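Descriptive structure summary
So you can see what is in the structure, the chains are spelled out below.
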Amino acid sequence: MELKDIKAIIDLMSKNDLSVFEMEKDGFRLKLQKGVGDQPAMAAPIVVSATPALAGPGAAAEAAAGDATGLRDIVAPMVGTFYRGGSPDAPPFVDVGKTVTEESVVCIIEAMKVMNEIKAETSGVIAEVVAESGKPVQFGQVLFRVR
Amino acid sequence: MFEKVLIANRGEIALRIIRACKELGIRTLAVYSEADVDSLHVQLADESICIGAAPSSESYLKIDRIMSAAEIGDVDAIHPGYGFLAENAHFAEVCESCKIKFIGPPSQAMHAMGDKNTARSYARKAGVPITPGSDGIVEDEKEAVKIAKKIGYPVMIKAVAGGGGRGMRVAHNEPSLMTGFHSARHEAEKAFGNPAVYIEKFVVNPHHIEFQIMADAHGRIVHLGERDCSIQRRNQKVIEECPSPLMTPGLRKKMGNAAVKLAKSVGYENAGTVEFLVGADRRFYFMEMNTRIQVEHTITEEVYGCDLVKEQIRIAAGEKLSPHVAHAVPRSHAIQCRINAEDPERNFQPSPGRIAFYYAPGGRGVRVDSHAYTGYTVPPFYDSMIAKLITVGATRESTIDRMRRALDEYYITGIKTTVPFHSAIMRSREFRDGNYDTGFVERVMASENFDLKPTRTRLHE
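Reading the values: rules and limits
Residues numbered from 1 in each chain as written. Chains lettered and ligands numbered in written order. Predicted model: local features only at pLDDT ≥ 70, side-chain atom pairs only at ≥ 80, totals over all residues. Helix = DSSP H or I, 4+ residues; strand = E, 2+ residues; numbered from the N terminus. Buried ≥ 20, exposed ≤ 12 C-beta atoms within 10 Å, placed from the backbone. Contact = placed C-beta atoms within 7 Å. Axes fitted to C-alpha atoms, helices over the stretch in contact; angles between N-to-C directions. Parallel < 35°, antiparallel > 145°, perpendicular 65-115°, else oblique. Left-handed = near helix turned anticlockwise from the far one by under 90°. Nonpolar A, V, L, I, M, F, W, Y, C, P; charged D, E, K, R; others polar. Pairing = 2+ DSSP bridges. Expected span 1.5 Å × (residues − 1). pLDDT = per-residue confidence, 0-100. Domains from an automatic or database assignment.

This part takes up the overall build of chain A. The helix and strand inventory of chain A stands at one helix and eleven strands. In chain A, the order of α-helices and β-strands from amino to carboxyl end is α-β-β-β-β-β-β-β-β-β-β-β. Taking all 147 residues of chain A together, the buried fraction comes to 23%.

In C-alpha cells:
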C-alpha cells in the first residue's frame, strides 16, 4: 500500500460520504476514520497499526504513519525465538543494505528446539532490521522492512 | 499451584479461564488469531501472543504454534477450554511429552471416550444402559440395513468422531437409511476427517440429560447432578437448565452412579460430562461422554455453589477434590440462554459485525459470561455464540421470570442476536410447564403464538 493509494481511498470516502474505512491483509492493518461531531479530535487522521508485539500489559504496537512509500514488511510466519544468524556467534544472514531475493534466507526462528530458516519471500534491499535477535516473536510480527 | 497458564481458546471461555486464573493468582498467557486482536480476553491477559491468521485451522488448531508460544511464554499448564483442541488426545499427549500440564483428563481417557463407538463399549462393560445399536462401525449400506431391521426404525446414523450435531442423520425407513448413511459419512469426512459411522436406535423426542463429573488425580470421582439440555435447534443446545424438570431423586441417584461408574472405568480425571437420552418413560440410555469443561458448566456452578474452572486448575495442579465440591448439594434453580450473533427472523443466519451498543442485564440472580462490549466486532470465522445469560432463583418459576426480565433489558445493537428468540421461549406455556423434549423448538417456532418481538427503548436510537 502506497501513500497515493491511501490518498485515493480518502478521496473516495469524501465523495461517498463514508466516515470509516478499515482493511486488513497479510498482517497489515489500515483504519481511516473521519473526525465526526463529538468524536475525540485525532492528531493524525491516519492510523496504521502493525499486529501488536509480544506483550507487556496493555502493549499494542502502533507504527507511526510516517513514510509508507514502498517499504514492504517481512513478517514472522510462525511463533518462536528470532535469531539473526545461524548460531549465537555466527554473523547475521542479512544487514541493512543487503539485497535479497524471494529465496534468500533472512533469519532463523527457533521453535521447540528446531531451527527454521525463514525466507524473504520478497525481493529488494533490507531497509530496516525490526526484530531483536534472541527475542521471541509472534505470528505476523514484523522482522525486517525491505525497499 | 501453577505460576502461569496458557489459554488455548478464545471468546467467552477464554475470558472465563482468565478470570479463574486471576482469582487463583496465576499469570495468564492468551494466544490469539489476527481476527481476535481486539478481543477482551487478549486485553485482560497478562501476556498475549498472536499465533496465526483468522481461520481456526491457521491459528487455534495449530498445535505447533501453541506449543511454541507455551515454550517462549514459559508456562506450566495449558487450559484448552471447549471445542478446538479440548478433546484432541494427541494435543494432550504433546503437552504431556513437553512436560506442560494439560488441564483436563489423561490422554488415554480422551482416547477411550473420544470415539463414540468405543465409549459405548466401555459403557456396556460398566453396566451402563446404552441405546440398542450396531456393535461397532457400520462398514456399508448392506450392514446398515441389516442392523436397522434388527433394532427397528427409526434409527440414527452417527459419526464416531462427531460432535456439535454434525455427521448425524435420522432414518425412518430403508430409502432414507440409504441416503442418510452416505450423507452422514460425507459430512463426517468433511467436518472431522473420519467418515466412520455407527447406528443406534433413535429415541423419539427424548430428553437430553447430562451429568457433571469431577475427578481428582487421587482416585476420587463425584457427580454434581444433572443438566437438562433438551432445548435444541438443529441438534445444537440453546437453553439449558439445572435441575431437570423431569428428574426425581431416585432417578438422579441411578443416573449419577452410572456416570461415576463409567468415569471410574476409564481412569478419568478432571472435569467431564456424561450425556444420556431419557425417554418419557424415564428410561435412560448412555449417549456419549464429553472429556472437557462444557459451555453449560455455569448452571451447575450456580446451583451447586462451586467454581468448576478453578477446581479444574486445582485438580490439574495435583490437589485433592475440594470438600465443598465433593459434598456439594443443589440449592437453587438455574437456567442458561446461549445468546448467538444470529438472526432468528432469517432462519438464524449468522450476523457477525460491529456491536454498536452493548448493555448486559444485571441485578439479583443474573450472571452474564460474555466477551462482548460496545464497539466489539464479532468476527465471522468462529461459532456465533457471543454471550451466556444465566439466571438463578429459588424455584423454577421465579428463575424463568427472572430470565424473562433479564432478556428484556439485554440491549445489543448493530448486529442481530437470538435474544428475542429466547424471550419468546421464556413466555411459551410449554416451556413454563417444563413439558419439553428435543422436538420442542421446532414445534414452538411453528406455532402461531410464537412472536419475535424485540423490546424497544431510547437506547436503540
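Back to the write-up after that little detour.
Turning our eyes to something else, we now look at the overall build of chain B. Across its full length, chain B carries 16 helices and 22 strands. Seen along its three principal axes, the alpha-carbon backbone of chain B occupies a region of about 55 × 55 × 45 Å. Sorting the 461 residues of chain B into buried and exposed places 52% on the buried side. Of all intrachain contacts in chain B linking residues separated by at least 6 positions in sequence, the fraction that spans at least 24 positions is 64%.

Once that is clear, we can look at the packing of helix α7 (residues 141-151) of chain B against helix α8 (residues 174-192) of chain B. Residues and elements named next belong to chain B. In the contact formed by α7 and α8, the axes pass within 10 Å of each other and the chain directions differ by 135°. Viewed along their axes, α7 and α8 adopt a mutual orientation that is oblique. For the pair α7 and α8, the crossing hand works out as right-handed. Contacts between α7 and α8 pair E141, A144, V145 and A148 from the former with E174, L177, M178 and F181 from the latter. For the contact of α7 with α8, a count of residues per class yields six nonpolar, no polar and two charged.

On to the interface of chain A and chain B, then. Taken together, the contact pairs 15 residues of chain A with 16 residues of chain B. Residue classes in the side of chain A that touches chain B are distributed as ten nonpolar, five polar and no charged.

A separate point is the sheet that holds strand β7 (residues 166-171) of chain B. Residues and elements named next belong to chain B. If you walk across this open sheet you meet the three strands as β7-β6-β8, and the pairing is antiparallel. Each edge of the open sheet carries a strand with a single partner, namely β7 and β8 (197-201). On average, each strand axis in the sheet is inclined to that of its neighbour by 25°, with strand direction left out of account. Pairing of strand β6 (residues 155-163) with β7, which is carried by five bridges, proceeds in the antiparallel orientation. Bridging across to β7, M156 finds its partner in V170. Across the sheet, α7 touches β6, β7 and β8, and the angle it forms with β8 is around 15°. Across the sheet, α8 is in contact with β6, β7 and β8; its angle to β7 comes to roughly 175°.

As a further point, take helix α1 (residues 3-15) of chain A. Residues and elements named next belong to chain A. The end-to-end C-alpha distance of α1 is 18 Å, a good match for the 18 Å that 13 residues give at a rise of 1.5 Å each. The buried fraction of α1 is low, at zero of 13 residues. Once α1 ends, the next one or two residues include D17, with phi positive near 60°.

Below, the discussion takes up the environment of B:F431. All names here are of chain B. On the secondary structure map, F431 appears in helix α15 (residues 429-432). Judged by the 21 C-beta atoms lying within 10 Å of it, F431 falls in the buried class. A sequence separation of 200 residues divides F431 from I231, and the C-alpha atoms of the two residues are 9.2 Å apart. Those residues in contact with F431 that sit more than four places away from it in its chain are I425, M426 and Y436.

For the rest of this paragraph, the subject is the pairing of strand β14 (residues 333-340) of chain B. Residue and element names in this part refer to chain B. Within β14, eight of the eight residues are buried, which leaves the element mostly enclosed by the surrounding structure. Alternating positions in β14 separate into two faces, H333, I335, C337 and I339 on one and A334, Q336, R338 and N340 on the other, with burial throughout. Pairing of strand β11 (residues 236-242) with β14 involves four bridges; the strand directions are antiparallel. Considered in β14, the bridge of E240 is made with Q336. Pairing of β14 with strand β21 (residues 385-393), which is carried by eight bridges, proceeds in the antiparallel orientation.

Moving on: α8(B). Residue and element names in this part refer to chain B. In this model α8 runs 26 Å from its N-terminal to its C-terminal C-alpha over 19 residues, within 8% of the 27 Å that 1.5 Å per residue would give. Within the span of α8, buried status applies to L177, G180, F181, A184 and A188. Looking at the buried positions of α8, the neighbouring elements they touch are α7, β6, β7 and β8. Following α8 by one or two positions, G193 has its phi on the positive side, about 75°.

All names here are of chain A. Averaged over all residues, the pLDDT of chain A is 77; the fraction at 70 or higher stands at 76%. The least confident element of chain A, judged by mean pLDDT, is strand β3 (residues 46-50) at 37; the most confident is strand β11 (residues 142-146) at 97. Counting interchain partners and residues more than four positions distant, the pLDDT-below-50 stretch residues 36-67 has 39 contacts.

With that settled, the discussion passes to the domain arrangement of chain B. Residues and elements named next belong to chain B. Looking at the assigned domains, one finds that chain B contains domain 1 (4-103), domain 2 (132-201) and domain 3 (207-460). The gap between the C-alpha centroids of domain 1 and domain 3 is 24 Å. Opposite the 24 residues of domain 1 that make contact, domain 3 presents 23 residues. Elements represented by at least two residues in the side of domain 1 that touches domain 3 include exactly α1 (11-23) and α2 (40-44). Here the residues of the side of domain 1 that touches domain 3 are counted per class, giving twelve nonpolar, four polar and eight charged.

What follows is about the sheet that holds β11(A). All names here are of chain A. With antiparallel pairing, the four strands of this open sheet are ordered in space as β4-β11-β9-β6. A single partner strand is all that each edge strand has here, and the edge strands are β4 (72-75) and β6 (99-100). Looking at chain direction, β6 and strand β9 (residues 124-129) are connected through two bridges and run antiparallel. Its bridge partner lying in β9, V100 is registered against G124.

Here we take up the pairing of strand β13 (residues 284-290) of chain B. Residue and element names in this part refer to chain B. Along β13, six of the seven residues are buried, which leaves the element largely enclosed by surrounding structure. Direction of pairing for strand β12 (residues 270-278) relative to β13: antiparallel, over a ladder of six bridges. Paired with F276 across the strands is F286, a residue of β13. Linking two consecutive strands that pair antiparallel, namely β12 and β13, is a turn of five residues; a positive phi of about 65° is found at R282 within it.

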